[in-house]
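Tertiary structure, described
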Amino acid sequence: MYNWKIYNKKKIKLARKFDKFNNNNIFNFVEKSYYNHTRDLFSLFLLIKKKSNSKILDYGSNVASISNIKNKFNTKNYEFFIYDPFGLNKKIKINFKNINYKIYKNLNLINEKIDLVNFGSSLQYLSDYNKIFDDIKFKKKSKILITATPFTLGKEYSSVQKNNNNLDQKINNFSKLIKDFKKKKFNLIFKSSIDLKMASIKNLKKNTFFLNLIFEKN
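About the cut-offs
- The residue numbers shown here count from 1 along each chain, following its written sequence.
- With pLDDT at 70 or above as the cut-off, local features in this predicted model cover only qualifying residues; side-chain atom pairs require 80 or more to be listed or tallied, and sums for whole chains, interfaces and linings still use all residues.
- Water and hydrogen atoms were dropped before computing side-chain values, which therefore reflect all heavy atoms in the structure.
- What is meant by a nonpolar core is a set of buried Ala, Val, Leu, Ile, Met, Phe, Trp, Tyr and Cys residues, joined one to another through side-chain atoms within 4.5 Å.
- Relative accessible area decides the class of each residue, using a 1.4 Å probe on protein chains only: under 20% of the type maximum gives buried, over 50% gives exposed, and in between gives partly exposed.
- Strands here are runs of E lasting at least two residues and helices are runs of H or I lasting at least four, both read from the DSSP assignment and numbered beginning at the N terminus.
- For this analysis, residues touch if any pair of their heavy atoms sits within 4.5 Å.
- Each reported salt bridge corresponds to a side-chain nitrogen of Lys or Arg within 4 Å of a carboxyl oxygen of Asp or Glu.
- By definition, pLDDT measures how confident the predictor is in each residue, and it falls between 0 and 100.

A word on the nonpolar core. Core analysis: the biggest nonpolar cluster contains 27 residues, and Leu57, Tyr59, Ile144, Ile146 and Phe181 have the highest contact counts within it. Those elements giving two or more residues to this core turn out to be β1 (54-59), β2 (78-83), β4 (114-120), α4 (132-135), β5 (138-152), α5 (174-183) and β9 (208-217). Examining the composition of this core, we find that four residues originate from one element, β5, more than from any other. In contact with tyrosine 59, not counting residues within four places along its chain, are Tyr83, Leu107, Val117, Asn118, Phe119, Ser122, Leu126, Ile132 and Ile136. The next biggest cluster of nonpolar side chains, apart from the first, holds 23 residues, and it includes Ile56, Ile66, Ile69 and Leu116.

Here you go:
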């Protein structure tokens, strides 16, 4: 079984590196791979719903996701809730300047209604994405961002991840996701694709795509 605690521990070290760099420079740290692209999309996504005290849920994530948005935009009016089901990040607090965040191991402890939900390359590790609609309290005009996530136009399948044989990705059917989200009154308003090679899927099947998606609640 893949050890997410070790993965998140590495990300904490990375977050400290980002924070140190961003505190001493006027532009943010440049990340490798597609991360700069998805972080920029995350930042622009937040600005769509710009208002006083917007509440953001970063689902199945770690502090690295918010550590490199400094110097991109003013983060003072946002409150970040990081859902880390493994609980490691909660033990290690980094005091990011002008970034207000809390870490939760249990979604039921988040009593606030959420404006924006970010699935930063995490949806493919969920056994059933429909459960999120039971676990998360959405506001009337909320949005969902899904970044760097593989989808198929054919039958859904699972595959071992290239860089770790103990980690499987679930490649969900794109059309089914659209229909399932629509049942919950979330409509697709944006989609873009990333180079599929970056998805790290070992047994890649035809008609698979690596996507960024934004949904908006009616």
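Inspection of the entire model under this criterion finds eight salt bridges. As a salt-bridge pair, lysine 72 and aspartate 40 come within 2.8 Å of each other at their nearest N and O atoms. With lysine 72 in the loop between α3 (64-67) and β2 and aspartate 40 in helix α2 (residues 35-48), this pair connects stretches of sequence that are 32 residues apart. Since its relative accessible area comes to 37%, aspartate 40 is described here as partly exposed. Here lysine 143 makes a salt bridge to glutamate 216, at a shortest N to O gap of 2.9 Å. With lysine 143 in strand β5 and glutamate 216 in strand β9, the pair connects residues that are 73 residues apart, well separated along the chain. The class for lysine 143 is buried, based on a relative accessible area of 6%. On the basis of relative accessible area, glutamate 216 is assigned to the partly exposed category, the value being 31%. Through salt bridges with shared partners, one network takes in Lys55, Glu79 and Glu112.

In this fold, asparagine 23 is placed in helix α1 (residues 4-23). Measuring from C-alpha to C-alpha, the distance between asparagine 23 and lysine 70 comes to 8.5 Å, with 47 residues separating the pair along the chain.

Moving on to the confidence of the model for the protein. For the protein, per-residue confidence averages 86 on the pLDDT scale, and residues scoring 70 or more make up 89% of the total. Mean pLDDT values for the elements of the protein range from 73 in α1 up to 98 in α5.

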